[in-house]
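The primary structure of each chain is shown beneath.
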Amino acid sequence: MEKKFVRGFNLSKTLESGQFFNYYSLDQQGYLVVDGGCFFEVRQENEKILFKGNCSEEHIIHLFSLDKPYDLILKSISKDNNVGKAISDNYGLRIMRQDLWQCVISFICSSVSNVPRIRSNIIHLSELFGKKLSNDGYAFHLFPSFDTLCKVDEKDIAKAGMGFRAKYVKEAALWFSEGRHLGLKNLNHSMAREHLMEIKGIGRKIAECICLFSLGFDDAFPVDVWIKREMERMYFKGKSTKIDEIESFGKEYFGRYCGWAQEFLFHNARTRKN
DNA sequence: CTGCAGGTGGGTA
DNA sequence: TACCCACCTGCA
């Protein structure tokens, strides 16, 4: 196991916050994390993370955004008691930057769905089409490549249980195999979002998720029904408000790290009792 | 059994 | 532009 000292990081909260789906719980608060073709075992002991796998420390730092100025970010989005409380309840939660292809498929699967089901879709896709590996006496699968999935029949993709989204998964695989994703990392936020929306099954909200959870645009602000309800309650006196209006309010109010504010509010709304 | 869920695309006025 | 509704499937 390699070790790394970390501050302002909570592994469990980050992995289980609904931004990332390809992980398995192991014994002793450990996880197996799969990020595209990369995998590692990881666990946290206070301000130390222990990890072992086929990817570098740099990859893990990038994946968990450990290179970003956490306390500065928190300070910049701490506008009021609503976010302040969400932050203190979830200190250590970070935005990840996961493998682009895996992120695209995960969020295509997210429409009108829920976290357990999205995880199930991703894991089934991996079991059906991803490379099988063994590690310390257990087996798991890498996430299948787009080159693999673009040769698979849509009907077979659907066996992973994503229903009507299977055709969008297939379309995304073809889009990637044509190399359409290659320039994405050089585009600015709004160009990248527009480009992603060329894929059927990716609209505004999912494109923003990919910008935030893979491409590292800290000012992406996806508005789903959870955030919508939460922000209507907090900032619009409970009045039903258009998604566009909530998005522009969020960007204006929270500033260049508004995506991080979104994640804290989202997590807060989703885990609230009752 | 019915109804609904972390959106989107396609159709209509 | 602004609505409406079907869409797979799992789970209440």
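Structural notes, computed from the coordinates. Everything quoted here is computed from the prediction, not taken from an experiment. Starting afresh in each chain, residues are numbered from 1 along the sequence in its written order. The order in which chains are written sets their letters, starting at A; the order in which ligands are written sets their numbers, starting at 1. Where local features are concerned, this predicted model is filtered to residues with pLDDT of at least 70; where side-chain atom pairs are given and counted, the filter is 80 or more; whole-chain, interface and lining totals use all residues. Side-chain measures here rest on the full set of heavy atoms in the structure, leaving out hydrogens and waters.

**Brief notes about the pattern of salt bridges**
For step 1, the next point in the chain: Just to be clear on terms, a salt bridge is a Lys or Arg side-chain nitrogen sitting within 4 Å of an Asp or Glu carboxyl oxygen. What the rule picks out here adds up to 18 salt bridges.
For step 2, the next point in the chain: Residue Asp-71 pairs with Arg-7 through a salt bridge whose shortest N-O separation is 4.0 Å. One end of the pair, Asp-71, is in helix H3 (residues 70-77); the other, Arg-7, is in the loop between strand S1 (2-5) and helix H1 (11-15), and 64 residues separate them in sequence.
For step 3, the next point in the chain: Note on exposure labels: buried denotes an accessible area under 20% of the residue type's maximum, exposed denotes more than 50%, and partly exposed covers the range between, all computed with a 1.4 Å probe on protein chains only. For Asp-71, a relative accessible area of 40% puts it in the partly exposed group.
For step 4, the next point in the chain: In this structure Arg-7 comes out as exposed when scored by relative accessible area, which is 52%. Secondary structure elements follow DSSP: runs of H or I of four or more residues count as helices, runs of E of two or more count as strands, with numbering from the N terminus.

**Concerning the packing of helix H12 (residues 225-235) against helix H14 (residues 258-271)**
For step 1, the next point in the chain: Simply put, an axis is a line fit to the C-alpha atoms, just over the touching stretch for a helix, and the angle between two N-to-C directions goes from 0 to 180 degrees. At a minimum axis distance of 9 Å, the contact between H12 and H14 shows a crossing angle of 95 degrees. With respect to each other, H12 and H14 are oriented roughly perpendicular. Residues Trp-226, Ile-227, Glu-230, Met-231 and Met-234 of H12 form the contact with H14, whose participating residues are Gln-262, Leu-265, Phe-266, Asn-268, Ala-269 and Arg-270.
For step 2, the next point in the chain: Looking at the contact of H12 with H14 residue by residue, the class counts come to seven nonpolar, two polar and two charged. Angles below 35 degrees are treated as roughly parallel, those above 145 as roughly antiparallel, those between 65 and 115 as roughly perpendicular, and all remaining angles as oblique. When checking whether two residues touch, look at their non-hydrogen atoms; a contact exists if any pair is within 4.5 Å. Just so you know the grouping, Ala, Val, Leu, Ile, Met, Phe, Trp, Tyr, Cys and Pro go in nonpolar, Asp, Glu, Lys and Arg go in charged, and all remaining residues, Gly too, go in polar.

**Quick notes on the environment of Lys-170**
For step 1, the next point in the chain: Position of Lys-170 among the secondary structure elements: in helix H9 (residues 166-177).
For step 2, the next point in the chain: Looking at Lys-170, the relative accessible area reads 18%, which means it is buried.
For step 3, the next point in the chain: Here the alpha-carbon distance between Lys-170 and Ile-87, two residues 83 residues apart in the chain, equals 38 Å.
For step 4, the next point in the chain: Once residues lying within four places of it in the same chain are set aside, the contact partners of Lys-170 are Leu-149, Cys-150, Lys-151, Val-152, Asp-153 and Ile-157.
For step 5, the next point in the chain: Contacts described as polar in this section are N or O atom pairs within 3.5 Å, which, within protein, must combine one atom able to donate a hydrogen with one able to accept it, while residues neighboring in sequence count only if both atoms come from side chains. At a separation of 3.1 Å, a polar atom in the side chain of Lys-170 contacts the main-chain carbonyl oxygen of Cys-150.

**Comments concerning the sheet that holds strand S3 (residues 30-35)**
For step 1, the next point in the chain: Overall, antiparallel pairing links the five strands, which are arranged S1-S5-S4-S3-S2 in an open sheet. Because the sheet does not close on itself, it has two edges, and the strands there are S1 and strand S2 (23-25). Sheet twist, expressed as the mean angle between neighbouring strand axes with direction ignored, is 25 degrees.
For step 2, the next point in the chain: Note on pairing: DSSP must find at least two bridges between two strands before they are called paired. Summarising the sheet, strand S4 (residues 38-45) and strand S5 (residues 48-53) pair through six bridges and their orientation is antiparallel. Paired with Arg-43 across the two strands is Leu-50, which belongs to S5.

**A look at the packing of aromatic side chains**
For step 1, the next point in the chain: Only Phe, Tyr and Trp rings are paired, with Trp represented by its six-membered ring, and only when their centres lie within 6.5 Å; those with planes under 30 degrees apart are stacked, over 60 edge-to-face, the remainder tilted. Going through the model one piece at a time under the given rule, you end up with 21 aromatic pairs.
For step 2, the next point in the chain: The interplanar angle of 90 degrees and the centroid separation of 6.2 Å between the aromatic rings of Phe-40 and Phe-64 together place this pair among those described as edge-to-face. Placement of Phe-40 in strand S4 and of Phe-64 in the loop between helix H2 (57-63) and H3 is noted, with a sequence separation of 24 residues between them.
For step 3, the next point in the chain: Classification of Phe-40 by relative accessible area gives buried; the value is 0%.
For step 4, the next point in the chain: The buried category is assigned to Phe-64, whose relative accessible area is 0%.
For step 5, the next point in the chain: Through successive ring pairs, a cluster of aromatic residues spans Phe-221, Tyr-235, Phe-236, Phe-249, Tyr-253 and Phe-254.
For step 6, the next point in the chain: Comment: the charge-over-ring label is applied if NZ (Lys) or CZ (Arg) is within 6 Å of the ring centre and within 35 degrees of the ring normal. The ring centre of Tyr-168 lies 5.0 Å from the NZ or CZ of Lys-167, which sits over that ring.
For step 7, the next point in the chain: A cation sits over an aromatic face here: Arg-229 above Trp-226, 5.4 Å from the ring centre.

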